[in-house]
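Analysis of the macromolecular model
What follows is each chain in one-letter form.
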Amino acid sequence: MTDIVASEALAEALGTGVSTVNATTLRAETLARATARAQVNTVRAEVLDKPTPRVQVSAAALESLDQPLPDLEARSAVFEVATWPVPPVEIYEALIEVCWRETAAAGIQALAWDAFGDVPGPEIQTGVFAFRHDWSEALIERLEWRTQVDVTASGNEFRAPLRQVPRRELRYQVGAGRAYDGLVADWLADHLGRLARWPLPQHGLHLTETADAGALALAVSADAARLAGFSGLDAAPFVDAGGLDGWPQDDRWAWLDSPAGWQVVRLQSVSDDQILLADPLVRPAPAGTWVVPLVFGVATQDSQFTQHLPGRMSGEVAARVAPPAPPWANPAVPEASPDALLDGLPVWPDGNWAQAQGLTTSATLRQMDLVDADPWVVRADPTRRHTLERRYLFPRSERDTWLRRLWLAQGRANGFWLPDHAAPVLTLRAEAALEATHLAVASAQGLPAFWHREAGALVIHPDGQVMHLLTGILNTDADGEVLLALDAPLSAVVPAGSRLIRLLCCRLNHDAIELAWHHDGLLELAITALTLPEQRGTLDLLYYF
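Keep in mind that this is a model prediction, so the values were computed, not measured.

Some details on helix 8 (residues 184–191)
Of the residues making up helix 8, those classed as buried are V184, W187, L188 and H191. Buried positions in helix 8, seen along its axis, are confined to an arc of 95 degrees and lie on one side of it. Among the exposed residues of helix 8, those oriented more than 90 degrees off its buried face are D186, A189 and D190. The inward-facing, buried residues of helix 8 abut strand 1 (127–128), strand 5 (167–174), strand 6 (195–199), strand 15 (305–309) and strand 16 (312–321). One or two steps after helix 8, the chain reaches G193, where phi turns positive at roughly 80 degrees.

A few points about the environment of Y392
Along the chain, Y392 turns up in strand 22 (residues 385–395). Y392 sits in the buried class, given a relative accessible area of 4%. A polar contact is formed between the side chain of Y392 and the backbone oxygen of P349, at a distance of 2.9 Å.

Focus: helix 10 (residues 399–409)
Among the residues of helix 10, R399, W402, L403, R405, L406, W407 and A409 are the ones counted as buried. Buried residues in helix 10 make contact with strand 2 (139–144), strand 22, strand 29 (499–508), strand 30 (512–519) and strand 31 (522–531). With its phi angle positive at about 55 degrees, Q410 sits one or two positions after the end of helix 10.

Structural notes on the side chain of Q410
Along the chain, the position of Q410 falls in the loop between helix 10 and strand 23 (415–419). Judged by relative accessible area, Q410 falls into the buried class, the value being 12%.

A closer look at the pairing of strand 6
The buried fraction of strand 6 is high, at 4 of 5 residues. Note: strand 1 against strand 6, 2 bridges, orientation parallel. Residue V128 lies in a different strand from strand 6, and its bridge partner there is R197. Note: strand 6 against strand 14 (residues 290–298), 5 bridges, orientation antiparallel. Opposite P199, over in strand 14, you have L294 as the bridge partner.

Quick notes on the rules
- Residues numbered from 1 in each chain as written.
- Predicted model: local features only at pLDDT ≥ 70, side-chain atom pairs only at ≥ 80, totals over all residues.
- Heavy atoms only, no water.
- Buried < 20%, exposed > 50% of the residue type's maximum accessible area, 1.4 Å probe, protein only.
- Helix = DSSP H or I, 4+ residues; strand = E, 2+ residues; numbered from the N terminus.
- Arc of directions from axis to C-beta.
- Contact = heavy atoms within 4.5 Å.
- Polar contact = N/O pair within 3.5 Å; in protein donor to acceptor, adjacent residues only side chain to side chain.
- Pairing = 2+ DSSP bridges.

Nothing here speaks to function; it is geometry throughout.
Following this line, the structure appears as structure tokens:
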């Protein structure tokens, strides 16, 4: 029986004086016999969907379904019909569209990010730390690795690097005396903990020619080392099957600062003496304008400033910025060490002796009782340790070489050789022939007390040539000559008069390295190296994971 015939039969039955309860029972019975419930819903939805708008369709469906269906089934049908016309994605889009029309920009971003968990993308406007560094204080560039070090009972070490790409932090000294330097406190109050663009003043360049408004190229001073700082800035590194990856080159920005004002430009490419822009220059930039690369970063520390005069203040600002790219051509393939290798480990150069170097002897002691008058302690570690403090002062041209050393060291993970200068320098008394196993050195009082362990040696010839050897202990033969044993026969002749400097196997005693830029062409590096213990037990070498 069709719906129309069923309705007529229902009207006829009601017209004969049937009670309300019986009429409801009859209606349900008639519909159940004539058409299945699913088909009734299908026919009603199909009929109502064609001639009626969407809102009226929903209202009619709710009103119709509420009468013949029981309460629980009617609720499920209401939910199903009510959620069908507008998918969730369209609801979110409608909410964002309404917010954009009626809400301020800051409110739009806060509402969207809080509601949906979005993060600001490259198209969202971000702040720029447009304050010059005061070069009266050094600019600190901090690189921080992470290493797990486990020491066994025999004194051997097992070291595992936990961070292949170091974290980078810059510490600026602001307050150069300009009027708007007083705004740095307000700027930090708004941007502390928020993503912003931060300058790299150590890579700054100057315009050699005036750039007019609308220009697409900037003529800069030709400096390959500084121009390298404009490439590969926004890094998002990750590790895949091919090694390190994720060093995009397409999103690069620069800050143009001149006495007339500052502006931010997006870069397209960098050549030997020219920077091409992705967008036309908004305002003209005179010759001498400072061009500084920008990187993404976040200020994570509170800053304290000194107010000298109203509107004049100075202080230090720290920001964690995007990590630098590895100092080799292919980031996924590390290059060889820039230093000579001795027993598989690089030999680092000696420190700057313009200032006194430091050496600390330490040990782990364990107190066995709590009597202060006569403490009873025992030695807890079976190995001897020295801590060597070294400072290096080098020009900008050697920066890449030092970065390669630091990247290969990976903080405390990998070892190297370093002159200790605790043992006196030996002088070769006679020429050592090829395949010799001993070196005859000039005798001096107390020499055997220093050269009584296996170590390395830096051999400097009279003509300035350098070679590296593994040495044994120093002893005296039957004729009274002092001989230094070698770990392996000589591969080259060592002339008389050569000097021997003892080398010790070390590792860095810290994962964080601080490069102090005294100006954009001079750097200083201070390290603390911990001597490694001699191998004990059945292990023949150190394992690095």
